[in-house]
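# Results of the structural survey
Take a look at the letters that make up each chain.
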Amino acid sequence: TMALECLLLNLVRLESIGAQYDLADAWSSVVAGSIQVLTKALIPKLTRFSWQTVVYTFVYNATKDYHLAFLNGSCKTCLGYDRPLVFLVALLGVDITYYWYHRFSHTNVVLWAGHSVHHSSEHFNLSTALRQSTFQGLVGDIPQTWLPAIGLSPSILLAHKATNTLYQYWVHTCLVRQLPWWLEYVLSTPSHHRVHHDRRVHKNFGGILIIWDRMFGSFQSEIEPTDPKLRDKEEACIFGIRTSLTTFRESVLQVKIWHQIVKNVERAPSLYAKLLSMIVGPGFYTVTKNRPIQAPGKGLARLRLRMTSQMKEQVGFLYMLFQSLISIVTGALSLLLGNLLWKVLVFVIVILGFYSQSKIFDGSHSAFTFERYRCFSSVFLCMLAIGSGNVELIGGKAAHTVLQFLCAWYALSLAFLEIKGSRILEAEFRVKK
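Residues numbered from 1 in each chain as written. Predicted model: local features only at pLDDT ≥ 70, side-chain atom pairs only at ≥ 80, totals over all residues. Heavy atoms only, no water.

A separate point is the overall build of the chain. Per the secondary structure count, the chain includes 19 helices and four strands. Along the first, second and third principal axes, the C-alpha set of the chain runs to 65 × 60 × 55 Å. Taking all 433 residues of the chain together, 48% fall into the buried category. Within the chain, counting contacts between residues at least 6 apart in sequence, those at least 24 apart form 75% of the total. (Helix = DSSP H or I, 4+ residues; strand = E, 2+ residues; numbered from the N terminus. Buried < 20%, exposed > 50% of the residue type's maximum accessible area, 1.4 Å probe, protein only. Contact = heavy atoms within 4.5 Å.)

Encoded structure:
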């Protein structure tokens, strides 16, 4: 779908710089989302605890005497289509919960520290939808706990949560400008979500429905009808966060706002100020204020500081492309194959890969050295697991075969780096104004 969007952007000749794809930016979005998925899958295996399965089920069973009567009984479909009232409660319940959780993620600085990862790109396309934080992946299931308490089946709740998330994928695009007014009035649309990603306003928090924003005073339309759609090939909205990123490593580490919180608390002159520094997020004072979106003039245009990075040699670009694909595919396989030992091993290898790739995109002087050590470490870890000779130790033959492939791949990568030298990993990192 991202490749299709990229093609359509060129076919319709949408001269929107913010809508265009930048390789390094898209890479960082995919990496952030991949790390969230891997972490969310690994933590329950390590702790033997999952909020979705353990807590939802416990709450549902513990509150059976208080369930709403019309929610009792089973459904034939995963979303509850065969029982309209159940479907409606699930749809509205999940969406209004998401609205308030999303809103608090902008008004509370601790939640913002996690959610800001999603907003950190200064581009707005389908790859941005994948830019998710590890922190939010771990705590995002908590707010919906009240729904099993009133009688909504955990299985139906999880199906609607997944549907809500999938719906939000398509609204991250500049290709779709305005839908018919009656859809714009009810649904969250790309126009509404572009406003949400404008760093100046913090509005439009609905997942599927925009009616919550209209009801609770946080709605803002994209642009006045009399204003032009684009100025100087730029969207009216200024995407990103107020403190623009200066490194691609942030997509892997995701610590920028946490570091800022600590610094703000340290600098606060009083206990009251310190408490505010730990509570008040960037949207705290703007959520309900009327702040019309206006295309920025030359003065505000300086806020657009887009990071970009390009490999200086084509062979370096191909090396990065294949290493990134191997890391992503290996991460996906870790969700399907092997036991806990295999999953931890692959997680370490994948994270090392992503971090090394981020250093290369940053143009770091130590990137080549780190990549060599990364390949060597990956070979060592794979050989350590394979060398035991016990296929079942890592969860079966398929997992063992993947480790053999990874061992060979990183051994060849190491040899390739030794032959070609550091020049192939040189990248030109810059900030475009």
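We now examine the nonpolar core. Here is a general trend for soluble globular proteins: nonpolar side chains tend to be buried in one another's company. Ranked by size, the top nonpolar core spans 46 residues in total, and within it Leu 403, Leu 406, Tyr 410, Leu 417 and Leu 425 carry the most contacts. Broken down by secondary-structure element, the contributors of at least two residues to this core are α2 (23–47), α5 (109–119), α14 (256–267), β3 (306–311), α16 (314–336), α17 (340–361), α18 (367–386) and α19 (397–420). When neighbours within four sequence positions are excluded, Tyr 410 is seen to be in contact with Gln 323, Ile 326, Ser 327, Ile 349, Arg 374, Cys 375, Ser 378 and Val 379. Residues Leu 9, Ala 19, Ile 223 and Phe 239 belong to the second largest nonpolar core, which totals twelve residues. (Core = buried A, V, L, I, M, F, W, Y, C linked by side-chain atoms within 4.5 Å.)

Attention shifts here to the packing of aromatic side chains. The full count for this structure, using the stated rule, is 16 aromatic pairs. Arranged with centres 6.0 Å apart and planes meeting at 85°, the rings of Tyr 167 and Trp 170 form a pair that is edge-to-face. Looking at Trp 170, the relative accessible area reads 30%, which means it is partly exposed. For the pair Phe 284 and Tyr 285, a centre-to-centre distance of 4.9 Å together with 80° between the ring planes defines the contact as edge-to-face. What makes Phe 284 partly exposed here is its relative accessible area of 42%. The exposed category is assigned to Tyr 285, whose relative accessible area is 52%. Linked through ring pairs, Tyr 99, Trp 100, Phe 104, Phe 205 and Phe 216 together constitute an aromatic cluster. Stacked on the ring of Tyr 185, the Lys or Arg Arg 214 has its end atom at 4.1 Å from the ring centre. (Phe/Tyr/Trp six-rings, centres within 6.5 Å; stacked < 30°, edge-to-face > 60°. Lys NZ or Arg CZ within 6 Å of the ring centre and 35° of its normal.)

Generally, phi is negative for residues other than glycine and the peptide bonds are trans, each holding for most cases. The backbone of Arg 48 shows a phi angle near 55°, a positive value even though the residue is not glycine. Of note, Arg 48 is situated in the loop between α2 and α3 (51–62).

A few words on the side chain of Thr 308. Of note, Thr 308 is situated in strand β3. Side-chain polar atoms of Thr 308 contact the side chain of Asp 22, separated by 2.5 Å. (Polar contact = N/O pair within 3.5 Å; in protein donor to acceptor, adjacent residues only side chain to side chain.)

Residues Leu 23, Phe 317, Leu 318, Leu 321, Phe 322 and Leu 325 make up a contiguous nonpolar surface patch of roughly 510 Å² in combined accessible area. Take the nonpolar patch: its biggest share by element is five residues, from α16. Topologically, Phe 322 is positioned in helix α16. (Patch = residues over 30% accessible without salt bridge, like charges linked within 9 Å, V, L, I, M, F, W, Y side chains within 5 Å. Areas by Shrake-Rupley, 256 points an atom, 1.4 Å probe, with all protein chains shown as cover. Salt bridge = Lys/Arg side-chain N within 4 Å of Asp/Glu carboxyl O.)

Bringing the environment of Thr 77 into the picture now. Counting through the fold element by element, Thr 77 comes out in the loop between α3 and α4 (84–107). Through-space distance from the C-alpha of Thr 77 to that of Ser 127 is 31 Å; in sequence the pair is 50 residues apart.

Right, let's get into the side chain of Thr 128. By secondary structure assignment, the location of Thr 128 is in helix α6 (residues 126–129). On the accessibility criterion, Thr 128 (1% relative accessible area) is buried. Ignoring any residue separated from it by four or fewer positions in sequence, one finds Thr 128 in contact with Ser 29, His 118, Ser 121, His 123, His 172 and His 197.

Okay, α2 next. For α2, built from 25 residues, the straight-helix expectation of 36 Å at 1.5 Å per residue is met to within 8% by its first-to-last C-alpha distance of 36 Å. N-cap assignment for α2: the residue whose side-chain oxygen lies 3.3 Å from the backbone N of Ala 24 is Asp 22. Once α2 ends, the next one or two residues include Arg 48, with phi positive near 55°. (Expected span 1.5 Å × (residues − 1).)

Turning next to the pattern of salt bridges. Evaluated as defined, the whole model comprises twelve salt bridges. Note that Asp 198 is salt-bridged to Arg 200, the shortest N-O span being 2.7 Å. The two residues Asp 198 and Arg 200 agree in class, both being buried. With a shortest N-O distance of 2.9 Å, Arg 249 and Asp 362 are connected by a salt bridge. In this pair, Arg 249 sits in the loop between β2 (234–235) and α13 (250–253) while Asp 362 sits in the loop between α17 and α18, placing the two residues 113 residues apart along the sequence. A single network of salt bridges, built from pairs that share partners, joins Lys 40, Asp 141 and Lys 161.

Right, let's talk about the confidence of the model for the chain for a bit. One rule of thumb: low pLDDT means the predicted coordinates there are not for detailed reading. On average, residues of the chain score 87 in pLDDT, and 93% of them reach the 70 mark or higher. Across the chain, helix α12 (residues 211–215) holds the top mean pLDDT of 96, while strand β1 (residues 230–231) sits lowest at 58. (pLDDT = per-residue confidence, 0-100.)

A separate point is the packing of α2 against α16. In the contact formed by α2 and α16, the axes pass within 10 Å of each other and the chain directions differ by 20°. Between α2 and α16, the angle falls in the class roughly parallel. Of the two possible hands of crossing, α2 and α16 adopt the one that is left-handed. Packed against α2, whose contacting residues are Leu 23, Trp 27, Val 30, Ser 34, Val 37, Leu 38 and Ala 41, the element α16 presents Phe 317, Ser 324, Ile 328, Gly 331, Ser 334 and Leu 335 at the interface. Class assignment of the residues belonging to the contact of α2 with α16 gives a composition of nine nonpolar, four polar and no charged. (Axes fitted to C-alpha atoms, helices over the stretch in contact; angles between N-to-C directions. Parallel < 35°, antiparallel > 145°, perpendicular 65-115°, else oblique. Left-handed = near helix turned anticlockwise from the far one by under 90°. Nonpolar A, V, L, I, M, F, W, Y, C, P; charged D, E, K, R; others polar.)

Here we come to the packing of α16 against α17. Axis separation between α16 and α17 bottoms out at 9 Å; the angle between their running directions is 155°. Relative to α17, the element α16 lies roughly antiparallel. At the point where α16 passes α17, the crossing takes the left-handed sense. On α17, the residues that touch Met 320, Gln 323, Ser 324, Ser 327, Ile 328, Thr 330, Gly 331, Leu 333, Ser 334, Leu 335 and Leu 336 of α16 are Trp 342, Lys 343, Val 346, Val 350, Gly 353, Phe 354, Gln 357, Ile 360 and Phe 361.

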